[in-house]
Amino acid sequence: MTDLKKIVELFAIEGEVKEIKPLGNGLINDTYKVVTEGGAPDYVLQRINNAIFTDVDLLQGNIEAVTRHIRKKLEAEGAEDIDRKVLRFIPLRSEGEKVEVLMSEKPKTYCLEDGKFWRVSVFINDAYTYETVNPEYSEYAGEAFGNFEAMLADIPDTLGETIPDFHNMELRLRQLVEAVREDRAGRLHADDKTENQELHRILEDIDKYGVQMCKAEQLHREGKLPKRICHCDTKVNNMMFDEDGKILCVIDLDTVMPSYVFSDFGDFLRTAANPVAEDSPELDKVDFDMEIFKAFTRGYLKGTKPFLSPIERENLPYAACLFPFMQAVRFFADYIGGDTYYKIKYPEHNLVRTRNQMKLFHSALGKVPEMTSFIESIR
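Figured I'd write up the structure that's included with this text. (Residues numbered from 1 in each chain as written. Predicted model: local features only at pLDDT ≥ 70, side-chain atom pairs only at ≥ 80, totals over all residues. Heavy atoms only, no water.)

In the Ramachandran plot, Asp126 falls in the positive-phi region, its phi being about 50 degrees despite a non-glycine side chain. Inspection of the secondary structure assignment puts Asp126 in the loop between strand 5 (116-122) and helix 3 (135-151). Residues other than glycine seldom take positive phi values, yet Asp165 does so here, at roughly 60 degrees. Residue placement: Asp165 occurs in the loop between helix 3 and helix 4 (169-182). (Helix = DSSP H or I, 4+ residues; strand = E, 2+ residues; numbered from the N terminus.)

Listed below in structure tokens is the structure:
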């Protein structure tokens, strides 16, 4: 069994470790709260999932560059309580070092121990995450993620892609084509004719919209759409709130990388604007919530005002449609391929997810004129 205390003490923390206990319910990384003695800060110990993030050095290099740049911006603004507004990662100790922080220019902030990668950051006190969101918090979130992108618009470092082609719609469609061609689970040719008919209807529906949903890649090839530094996982629980419900900072930075702004805009709305979970079988309750859209968009346009281009702004409704469509394609490809990527609780779980996301896609698509009018009204 891994000795967590031994791992924590490889880092230049202050104080003595009193207790280490599980923290949160993250699906990707194992996370623990490190409680220290006396007046020293508490810490967060996290195992980096290198099965998903295969280049840990690139991953942590991205995070260090981003947090360093944001910290400098906050210092230049004269912001107070900066350690609650940007994550701070702890470097490794040098040999024989006790509590001193390493003074080298770029000390490592992760280690490899017992075949696993680990990192430590300062725990933010009196901060909270939420699983659900209302219009008020959606507007806070829009501004927070918009500000996050704006602060990184002039970052001098070159960041890499921690998950290459993560939000590449063309790639996701190619993966579906390959899954259909191989039909490893035999689901497209099963004996159940009713299910066969449904699967082929879903394929036809996806094919109908495939080209227009690849608009981002086409605009980028034409030189009209830039890639920016984005969070790429804008879930409601990837923000820290203070006790008054105001945003402190954006967290879970593993997916921060170059992408289109559509990633942060569309991915948030995919979950927040759906009143039910992405795997809910109650399709009659799936709907694209325009109140959430309007609130998030107000905040996002405020945060991104310093840099957002006209073509990015006018295609935000497309982004709202893109992400449920992309997720439906990913769920469906996994279902056809035999459920090898997403964890499932029952055999049809990925198919239920597909139905849900396609319903959300069509709901959003039907509201594009209303979305467009709302965005044009904000000047």
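Below, the discussion takes up helix 12 (residues 368-377). Those residues of helix 12 not exposed but buried are Met371, Phe374 and Ile375. Mapping the buried residues of helix 12 onto a view down its axis gives an arc of 100 degrees, with all of them on the same face. Across helix 12 from its buried face, at more than 90 degrees, point the exposed residues Pro369, Glu376 and Ser377. Considering only its buried residues, helix 12 is in contact with helix 8 (290-303), helix 9 (310-314), helix 10 (316-336) and helix 11 (349-366). (Buried < 20%, exposed > 50% of the residue type's maximum accessible area, 1.4 Å probe, protein only. Arc of directions from axis to C-beta. Contact = heavy atoms within 4.5 Å.)

What follows concerns the packing of helix 7 (residues 262-272) against helix 10. To characterise two packed helices, one gives the angle between the axes of the helices and the distance between these axes. One way to put it is that helix 7 packs onto helix 10 with a least axis distance of 8 Å and a crossing angle of 65 degrees. Pair helix 7 / helix 10 crosses with right-handed handedness. From helix 7, Phe262, Ser263, Phe265, Gly266, Asp267, Leu269 and Arg270 reach across to helix 10, where they touch Leu316, Tyr318, Ala319, Ala320, Phe323, Pro324 and Gln327. Residues that form the contact of helix 7 with helix 10 fall into these classes: nine nonpolar, three polar and two charged. (Axes fitted to C-alpha atoms, helices over the stretch in contact; angles between N-to-C directions. Left-handed = near helix turned anticlockwise from the far one by under 90°. Nonpolar A, V, L, I, M, F, W, Y, C, P; charged D, E, K, R; others polar.)

With that out of the way, let us pick up the nonpolar core. Phe268, Leu269, Phe288 and Phe325 are the most contacted members of the largest nonpolar core, which has 102 residues in total. When residues of this core are assigned to their parent elements, the largest contribution, 15 residues, is made by helix 10. The contact partners of Phe288, leaving out residues within four places of it in the chain, are Leu269, Ala273, Phe293, Ala320, Leu360, Ser363, Ala364, Lys367 and Met371. Core analysis: the second largest hydrophobic core is formed by 17 residues, Leu4, Ile7, Cys111 and Val120 among them. (Core = buried A, V, L, I, M, F, W, Y, C linked by side-chain atoms within 4.5 Å.)

On to the pairing of strand 5. Taken across its seven residues, strand 5 has six buried, putting it largely inside the fold. Relative to strand 5, strand 4 (residues 111-113) runs antiparallel, the two sharing three bridges. Bridging from a neighbouring strand, Cys111 pairs with Trp118 of strand 5. Taken together, strand 4 and the strand that follows it, strand 5, pair antiparallel across an intervening segment of two residues, in which Asp114 is found at a positive phi of about 55 degrees. (Pairing = 2+ DSSP bridges.)

This part takes up the side chain of Glu198. Of note, Glu198 is situated in helix 5 (residues 193-213). Judged by its relative accessible area of 17%, Glu198 is buried. Here Glu198 is in contact with Leu351 and Arg355, once residues within four sequence places are set aside.

Moving on, we get to the state of the cysteines. Under the criterion given, the structure shown has zero disulfides. With no disulfide of its own, Cys321 has Cys214 as its nearest cysteine by sulfur position, at a separation of 14 Å. For Cys321, a relative accessible area of 1% puts it in the buried group. (Disulfide = S-S within 2.5 Å.)

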